[in-house]
Amino acid sequence: MHISNINQSYRGRFAPSPTGPLHFGSLVAAMGSYLDARSCDGEWLVRIEDLDRTREIDGATQLILGTLEKFGFHWDGEITYQSRRTEAYAAAVEKLTKRQLAYPCTCTRKEISERAVNGAEGAIYPGTCRHGLAEGREGRSIRILTSEQIINITDTIQGPLTQQIDREIGDFIIRRADGYHAYQLAVVIDDAWQGITHIVRGADLLSSTPRQVFLQKLLRLSQPIYTHLPLVVDNQGRKLSKQHRDAPVDPKQPMDALLQALAFLHQPLPPQRPGSLDEFWQWATAHWSLAAIPATRQIPASSLKYLNSLR
Ligand code: GLU
Ligand code: ZN
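In this report, the structure presented in the accompanying data block is examined. (Residues numbered from 1 in each chain as written. Chains lettered and ligands numbered in written order. Predicted model: local features only at pLDDT ≥ 70, side-chain atom pairs only at ≥ 80, totals over all residues. Heavy atoms only, no water.)

## A closer look at the coordination of the zinc ion (ligand 2)
Next, step 1: Within the protein, Cys105 (SG), Cys107 (SG), Tyr125 (OH) and Cys129 (SG) serve as the donor atoms for the zinc ion (ligand 2), at 2.0 to 2.4 Å.
Next, step 2: The coordination sphere of the zinc ion (ligand 2) comprises four donor atoms, whose angles at the metal cover 102 to 123 degrees; the geometry is tetrahedral.
Next, step 3: Positions of the donor residues of the zinc ion (ligand 2), expressed as sequence spacing, correspond to C-x1-C-x17-Y-x3-C. Residue Cys105 is located in strand β4 (residues 102–105), and its partner Tyr125 is located in the loop between β6 (122–124) and β7 (141–144); the two are separated by 20 residues in the primary sequence. The exposure classification of Cys105 matches that of Tyr125, with both residues buried. (Donors = N, O, S within 2.8 Å, 3.2 Å for Na, K, Ca; no water. Tetrahedral: all angles 85-135°; square planar, octahedral: opposite > 155°, others 65-115°. Helix = DSSP H or I, 4+ residues; strand = E, 2+ residues; numbered from the N terminus. Buried < 20%, exposed > 50% of the residue type's maximum accessible area, 1.4 Å probe, protein only.)

This is the structure in C-alpha cells:
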C-alpha cells in the first residue's frame, strides 16, 4: 500500500465481498461511504473481502471494480484483498490464544444446536469447550472468549446500541473449522491496518458492530466512527443479495442508478439531470447530508416510486 499516514483525519472504505455483480444495495453502500469521505476531504479505499473462497463467484471482483469505475468512483491507494492477508489474521488468532482469550472448539453444528438457545444472531454457543477439550477430540474452529463487559456504541445514524456479547451472542468463531478466518476478525484487523477512521456501510452489519468493537478492545485497536445506512430490502424485508443476483446495476446506465441511490439516501437531488458523472459527483459531494438520511434500518425498494423500475 502506498498511503501516507500523516495527518489523516478521515479515511473511509468500501469493502465488498466478490459474491456476485454489484447490486443496487451495494451501490448505496459504496455511494454513502464515498460521499461521506469526499465531503470531508477524506480518503476512500476499496478492499475486496474475498476471505471465503467457497462463496466467491468467478469474475465478480473484476465486475465490481469495473462497475465502480464506470460509475465514476475514484479510490485511493491500491486495492487490497483479504485472501492475501491470512498471515495477519493467523497472527491475531495466535496472540489471542496465547493470552487465553481464544480457544479451540470441537463442536459440530449438530452438537451445538442440540444444546444452544437461540439469540438474535442464531445459536448462542453453550460454552462446551470453554474449559478445555474432551479427551481424544481435536479442535475444529477457534472461538473468542467473550465476557460480561457491556459494549456501547453510538452509530451516527442509528443512534445508541448496547450489547452484552457473552449473553446475547456467545463465544463467536474467529477461525472456522474449514480453516478460513471469520469476517468479524478479518474486518477488525484490516480496518486497523489500513487506518480506517470512519466506517459507512449497510445496517445489516449494525448487529456485528459490538463484536467488532469487542475485538478492537481485546486487540487494543482504535475504534472507528460507525455509520450504518438503511438497507435496501425487497417486499418481504429481505436484503438484496449478490448471490441471488438481485437488481444488478447496469454499468452502461450509471446516471439513472446514481440518481436513484442518491434519492434512496434522501439526499437533495440536482435540479436537472447532470451532464456528466463528474458533474453528478461534484453536486452530490457538495450537498451530502448525513442528517438527511432516515434513522431506520431498512427501506423497501418498492416503497419509493423512482425505484420501481428496478424490481
Ligand atoms: N464484505 C461485507 C459485505 O459485502 C462488508 C463488510 C463491511 O463493510 O464491514 O457485506
Ligand atoms: Zn465446542
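Further notes follow.
## Looking at the pairing of strand β1 (residues 11–14)
Next, step 1: The two faces of β1 match: Arg11 and Arg13 on one face and Gly12 and Phe14 on the other face are all buried.
Next, step 2: As paired strands, β1 and strand β2 (residues 43–48) are joined by four bridges and run parallel to one another. Its bridge partner lying in β2, Arg11 is registered against Glu43.
Next, step 3: Regarding the hand of the β-α-β motif, the stretch spanning β1, helix α1 (residues 24–39) and β2 is right-handed. (Pairing = 2+ DSSP bridges. Right-handed = clockwise from strand over helix to strand, strands pointing away.)

## Thoughts on the nonpolar core
Next, step 1: Among the nonpolar cores identified, the biggest contains 44 residues, and Phe24, Leu27, Met31, Leu68, Phe73 and Phe280 are the most heavily contacted of them.
Next, step 2: Elements with a minimum of two residues in this core: α1, β2, α2 (60–70), α8 (254–264) and α9 (277–286).
Next, step 3: Broken down by element, the residue count for this core peaks at nine residues, all from α1.
Next, step 4: Residues Ala92, Leu101, Ile153 and Leu161 belong to the second largest nonpolar core, which totals 31 residues. (Core = buried A, V, L, I, M, F, W, Y, C linked by side-chain atoms within 4.5 Å.)

## Some points on the site of ligand 1
Next, step 1: Looking at ligand 1, there are 10 residues lining it, with Arg13, Ala15, Glu49, Tyr183 and Arg201 nearest.
Next, step 2: For ligand 1, the protein covers 83% of the area, taking 300 Å² as the surface of the free molecule. (Near = heavy atom within 4 Å. Areas by Shrake-Rupley, 256 points an atom, 1.4 Å probe, with all protein chains shown as cover.)

## What about helix α3 (residues 86–98)?
Next, step 1: Over its 13 residues, α3 runs 18 Å from end to end, which matches the ideal 18 Å to within 8%, given 1.5 Å per residue.
Next, step 2: Inspection of α3 places Tyr89, Ala92, Val93 and Leu96 among the buried residues, and these make up the whole buried set. Viewed along the axis of α3, the buried residues span an arc of 100 degrees, placing them on a single side of the element. In α3, the exposed positions angled more than 90 degrees off the buried face are occupied by Glu87 and Lys98.
Next, step 3: On its buried face, α3 sits against β4, β7, β10 (173–175), α6 (183–193) and α7 (209–218).
Next, step 4: Of the residues one or two after α3, Gln100 is the one with positive phi, at around 60 degrees. (Expected span 1.5 Å × (residues − 1). Arc of directions from axis to C-beta. Contact = heavy atoms within 4.5 Å.)

## What to know about the packing of α1 against α8
Two quantities define a packed helix pair, namely the angle between the helix axes and the distance between the axes.
Next, step 1: The N-to-C vectors of α1 and α8 enclose an angle of 70 degrees; their axes lie 9 Å apart at closest approach. Between α1 and α8, the angle falls in the class roughly perpendicular. For the pair α1 and α8, contact is made by Phe24, Leu27, Val28, Met31 and Leu35 and by Ala257, Leu258, Gln260, Ala261, Leu262 and Phe264, respectively.
Next, step 2: Counted by class, the contact of α1 with α8 contains 10 nonpolar, one polar and no charged residues. (Axes fitted to C-alpha atoms, helices over the stretch in contact; angles between N-to-C directions. Parallel < 35°, antiparallel > 145°, perpendicular 65-115°, else oblique. Nonpolar A, V, L, I, M, F, W, Y, C, P; charged D, E, K, R; others polar.)

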